[in-house]
Amino acid sequence: MVLKGIYLSLFVGLARLVSAADDSDVHQLTIKTFNDFISANNLVLVEFFTPECGHCKALAPEYEEAAATLKKKDIKLVKIDCTEQAVLCEAHDVKRYPDLKVFRGLNNVSPYSGPREATGIVSYMITQSLPAVSILEKDTVESFKSMEKVVIIAYIDAKDTASTNVFTAVADQHRHEYLFGSVSDTAIAERDGVKAPAVLVYKIDEGKSHFHGKFDAELITEFVKTSAAPLIGEIGHETFDGFMSAGLPLAYVFAETEKERAQLTRTLRPIANKFKGKVNFGTIDASVFGIVAENLNLKADTFPAFVIQDIKDNLKFPFDQAKEITQESIAEFVEDYVNGRIEPNIKSEPIPESQDGPVTVVVAKNYDDIVFDDNKDVLVEFYAPWCGHCQALAPKYDQLGDAFRDFRDKITIAKVDVTLNDVPDKIPSFPTIKLFPAGDKQRPVTYDGDRSVKDLAAFIKDNGKHKAEVFIPADEVTGRTVSGDSQEKEATPRIKTPQGSHDEL
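This one's a predicted model, so the numbers in the text were calculated from it and none came from an experiment.

Caption draft 1: Main features of the side chain of Thr283. With respect to the helices, strands and loops of the structure, Thr283 is situated in strand β13 (residues 280-285). In contact with Thr283, other than residues within four places in its own chain, are Ile232, Gly233, Glu234, Ile235, Val253, Arg261 and Thr265.

Below is the structure:
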């Protein structure tokens, strides 16, 4: 009877769990069901999560509550377990947990930038379901201009459907970033000093900017991003993605106090205005984001400091920290940068005097010589010394190098410490392992399997040009392997750095 009671309790508990899962209004999808579901629904909020993530656990009940409410509006909420759907998460460039994205079909994806509680999620998604462009009249246009710090208004004749379609397309793609409105009344256009079709960006603190180019979606988008960026904004958790998406080189102004950052903003504003559209400027709290300074090749104990990052090619141009930051010195430095008169600063360890170990040590100064050796298949582990998963992999990776010793003329097993060396590759987490095949270096293959010697060796054989095959003894280094979908994320404040993203605080 006791056993019967235990089994009955277990059965009831299991039934409750199954019932709770069935009652959920959040749709849990896999790589097999994702595309069809997204294609069948006009608006979907997707949460990419891992079960062990504390922020994901905190979000879960809020997300469930929001899903139940939004179900009445036919707005679907979805969750993807990245420990089980690693390929799907990688395909959608997931870099932190939870990572929320708004889908309007498979080709229109934007980051979710709303609150993380139920009522906030509901409000944000209902707003997202409304038209991307607000139709403005004489009695609403002025108040609309002051609704947000940045507002974009198009002045388009009611019969000009081509221009309307172009502007609507731009608004659809960037509605999560800006507020868009449209005016068809010619009297309002004349009052605002424009002739249709026209686009103006209104900024509360800095006036307005007028688009003068061809009415083309790509040109308007570039104009909006350039004009919307503040002359000197604040770089932080909420604003960093905006600076990155602008695509322009970013000048960081590091200072430890708010007073000092305000003073530097006043000093450098004329320079930011002169180079508007060529270089974006932003102040950043050095007392909080010192690690960002280090990643930009600055000393993390000497502030204030100034550095320009080439976003596209991940190159860093630090201003000499021994010099005073003045309007004259920074004006000259930025002028030289824009005109290509400054060489980037490359952080690198010294080139090793010998490479006698089983694994070849790569540093920034020998990176191209080793990794881009066109005659060899090169497997590279991008690691950080403090990463526990990297430490666990180290003995197995050495054994892998030993196994391929007889193929050294064709295969290189290499590693690079990303914390001490600038690398051109995108490194979202540690360790990241990539194979650069001989003859095809521009298309490296990222490893996403169990980190066992046997599986790594098979990966080299299957994806390398030379198809080298080695025997892995049964007593290979043991220990729990960690699959690629459980990679350790960098545990620092969530500002993307030149080496990738960080877990969310």
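Okay, back to it.
Caption draft 2: Main features of unusual backbone geometry. Here the residue pair Ala196 and Pro197 is connected by a cis peptide bond, since its omega of -5° sits within 30 degrees of zero. Note that Pro197 resides in the loop between α8 (186-191) and β9 (198-203). Even without being glycine, Asn297 reaches a positive phi, approximately 70°. On the basis of relative accessibility, which here comes to 14%, the residue Asn297 falls in the buried class.

Caption draft 3: Focus on the nonpolar core. One finds Leu268, Ile271, Phe281, Phe306, Ile308, Ile330 and Val334 to be the most contacted residues of the largest nonpolar core, which totals 21 residues. Of all the secondary structure elements, the ones that give two or more residues to this core are β12 (250-255), α11 (258-274), β14 (305-310) and α13 (327-338). Look past the residues within four positions of Phe281 in its chain and what remains in contact with it is Pro230, Leu231, Ile232, Gly233, Phe243, Leu250, Ala251, Ile271, Ala272, Phe306 and Val334. Counting residues in each nonpolar core, the second largest holds 20 residues, with Val133, Ala154, Val199 and Phe211 among its members.

Caption draft 4: Molecular detail of empty space enclosed by the protein. Counted by the stated rule, this structure contains 3 cavities of 30 Å³ or more. By volume, the largest cavity amounts to about 40 Å³. Along the walls of the largest cavity sit Thr226, Ala229, Pro230, Leu231, Ala272, Lys276, Val279, Asn280 and Phe281, which together make up its complete lining. Residue composition of the lining of the largest cavity, grouped by class: 6 nonpolar, 2 polar and 1 charged.

Caption draft 5: Looking closely at the sheet that holds strand β10 (residues 207-210). Taken together, 5 strands build an open sheet; the order of strands is β6-β8-β7-β9-β10 and the sheet is mixed. Strand pairing shows two members of the sheet lacking a second neighbour, β6 (133-136) and β10, which therefore form its edges. Averaged over all pairs of adjacent strands, the angle between strand axes in this sheet comes to 25°, irrespective of strand direction. The pairing of strand β7 (residues 150-155) with strand β8 (residues 179-183) spans 5 bridges and is classified as parallel. Bridge assignment links Ile153 to a residue of β8, and that residue is Gly181. Helix-sheet contacts for helix α7 (residues 161-174) involve β6, β7, β8 and β9, and the interaxial angle to β8 is about 165°. Helix-sheet contacts for helix α9 (residues 217-228) involve β7, β9 and β10, and the interaxial angle to β9 is about 20°.

Caption draft 6: A look at the pairing of β8. Taking burial as the measure, the 5 residues of β8 include 4 buried ones, the bulk of the element. The pairing of β6 with β8 spans 4 bridges and is parallel. Looking at β8, one finds that Ser134 is bridged to Gly181.

Caption draft 7: Layout of the pairing of strand β19 (residues 432-436). Within β19, 5 of the 5 residues are buried, leaving the element largely enclosed by the surrounding structure. Both strand β17 (residues 377-383) and β19 contribute to a ladder of 5 bridges, which runs antiparallel. By the bridge assignment, Glu381 is partnered in β19 with Ile433. In this sheet, strand β20 (residues 445-446) lies alongside β19 in antiparallel orientation, the contact comprising 2 bridges. Each residue of the ladder has a partner; that of Lys434, found in β20, is Thr446.

Criteria and thresholds
- Residues numbered from 1 in each chain as written.
- Predicted model: local features only at pLDDT ≥ 70, side-chain atom pairs only at ≥ 80, totals over all residues.
- Heavy atoms only, no water.
- Helix = DSSP H or I, 4+ residues; strand = E, 2+ residues; numbered from the N terminus.
- Contact = heavy atoms within 4.5 Å.
- Buried < 20%, exposed > 50% of the residue type's maximum accessible area, 1.4 Å probe, protein only.
- Core = buried A, V, L, I, M, F, W, Y, C linked by side-chain atoms within 4.5 Å.
- 1 Å grid on protein atoms, 1.4 Å probe; cavity = no way out; pocket = protein on both sides within 12 Å on 5 of 7 lines; lining within 4 Å.
- Points joined across faces, edges and corners; volume = space filled by probe spheres on them.
- Nonpolar A, V, L, I, M, F, W, Y, C, P; charged D, E, K, R; others polar.
- Pairing = 2+ DSSP bridges.
- Axes fitted to C-alpha atoms, helices over the stretch in contact; angles between N-to-C directions.

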